[in-house]
Amino acid sequence: MERAHCIEVIYPELEEALVVTIMGASAQELYNLGHRENFFYLQHAMGLASSIGLGLALHLPDERVVVFDGDGSVLMNLGTFATLARYRPDNLIHIVFDNGSLLSTGGFESHTTSGITDLAAMARGAGIPHVITIDSTLRFGEAYVEAVERRELSVIVAKVDAVGPDDYGMDLHLSENAFRFARHIRERKLSRGATAG
Ligand SMILES: Cc1ncc(C[n+]2csc(CCOP(=O)(O)OP(=O)(O)O)c2C)c(N)n1
């Protein structure tokens, strides 16, 4: 199963969400499908996409927040599962694309490669209410829809091949992306308020 195909399957659904990705291959594969103002690609700060996602989810309870993470990134911030479980936002879906590799920086093996470390078990042990491991694209799409419908904090561990995009290059600097993302959130809030009023 390839991550790019998984992202493609749920891409239409992502219009409804705020999406935060890690840097590198995940960001590029989402960007290649077509950037939207509700996508934020967290460059540099490895491990912290889920922390940003948590802050957004707690602060914006009317939004669905989706995080694209990687095994290497999660392993750099393992406390994130416990923190997510403690605050338990029901509007957060944390997707970990587990390719057993630090793919974006040369493809070094991570601790999940030979089955030593089970990230789903760690998420469960941390207290995440809904955790599922997926290894087919079809099941990935189903698992995403199920997580949306459950309306509870979910971690989806997607076992994907260690392959990424052919080329890297995004015409969107981190600062510009951050300003536009924040503006987009404000506009969504305003339009919701207008609708409610
Ligand atoms: C603190 C820190 N250390 C190292 C890096 C360099 N780096 C960028 S992406 C990456 C690999 C990320 O691996 P993973 O989360 O598994 O995602 P993948 O690249 O496999 O999609 C590394 C080591 C960084 N940006 N920040």
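See the structure printed just above.
Below, the structure is looked at part by part. (Residues numbered from 1 in each chain as written. Predicted model: local features only at pLDDT ≥ 70, side-chain atom pairs only at ≥ 80, totals over all residues.)

## Things to note about helix H5 (residues 79–87)
- Taken together, the buried positions of H5 are occupied by Thr80, Phe81 and Leu84. One side of H5 carries all its buried residues, which in axial view fall inside an arc of 100°. With respect to the buried face of H5, the exposed residues turned more than 90 degrees away are Gly79 and Arg86.
- Buried residues along H5 sit against helix H3 (49–59), helix H4 (71–76), strand S4 (92–98) and helix H6 (119–126).
- At the exit of H5 stands Arg88, carrying a positive phi of roughly 45°. (Buried ≥ 20, exposed ≤ 12 C-beta atoms within 10 Å, placed from the backbone. Helix = DSSP H or I, 4+ residues; strand = E, 2+ residues; numbered from the N terminus. Arc of directions from axis to C-beta. Contact = placed C-beta atoms within 7 Å.)

## Quick look at the sheet that holds strand S7 (residues 130–134)
- Here we have 6 strands laid out as an open sheet, ordered S2-S1-S3-S4-S8-S7, and parallel in their pairing. The open sheet has two edge strands with one neighbour each: strand S2 (39–41) and S7. Strand-to-strand twist of the sheet, defined as the mean angle between neighbouring strand axes without regard to direction, takes the value 15°.
- Two elements, strand S3 (residues 64–70) and S4, share 6 bridges in a ladder whose sense is parallel. Residue Asp69 lies in a different strand from S4, and its bridge partner there is Val96. (Pairing = 2+ DSSP bridges. Axes fitted to C-alpha atoms, helices over the stretch in contact; angles between N-to-C directions.)

## Regarding helix H2 (residues 25–33)
- Here H2 lies mainly inside the structure; 7 of its 9 residues are buried.
- Buried within H2 we find Ala25, Ser26, Ala27, Gln28, Glu29, Leu30 and Tyr31.
- Buried residues in H2 make contact with helix H1 (3–10), strand S1 (17–21), S2, S3 and S4.
- Looking at the residues trailing H2, positive phi occurs at Gly34, about 125°.

## Some words on the packing of H3 against H5
- Packing of H3 against H5 leaves a shortest axis separation of 10 Å and a crossing angle of 10°. Regarding the angle of H3 to H5, the classification is roughly parallel. Residues Ser50, Ser51, Leu54 and Leu58 of H3 pack against Thr80, Thr83, Leu84 and Tyr87 of H5.
- In the contact of H3 with H5, the residues fall into 4 nonpolar, 4 polar and no charged. (Parallel < 35°, antiparallel > 145°, perpendicular 65-115°, else oblique. Nonpolar A, V, L, I, M, F, W, Y, C, P; charged D, E, K, R; others polar.)

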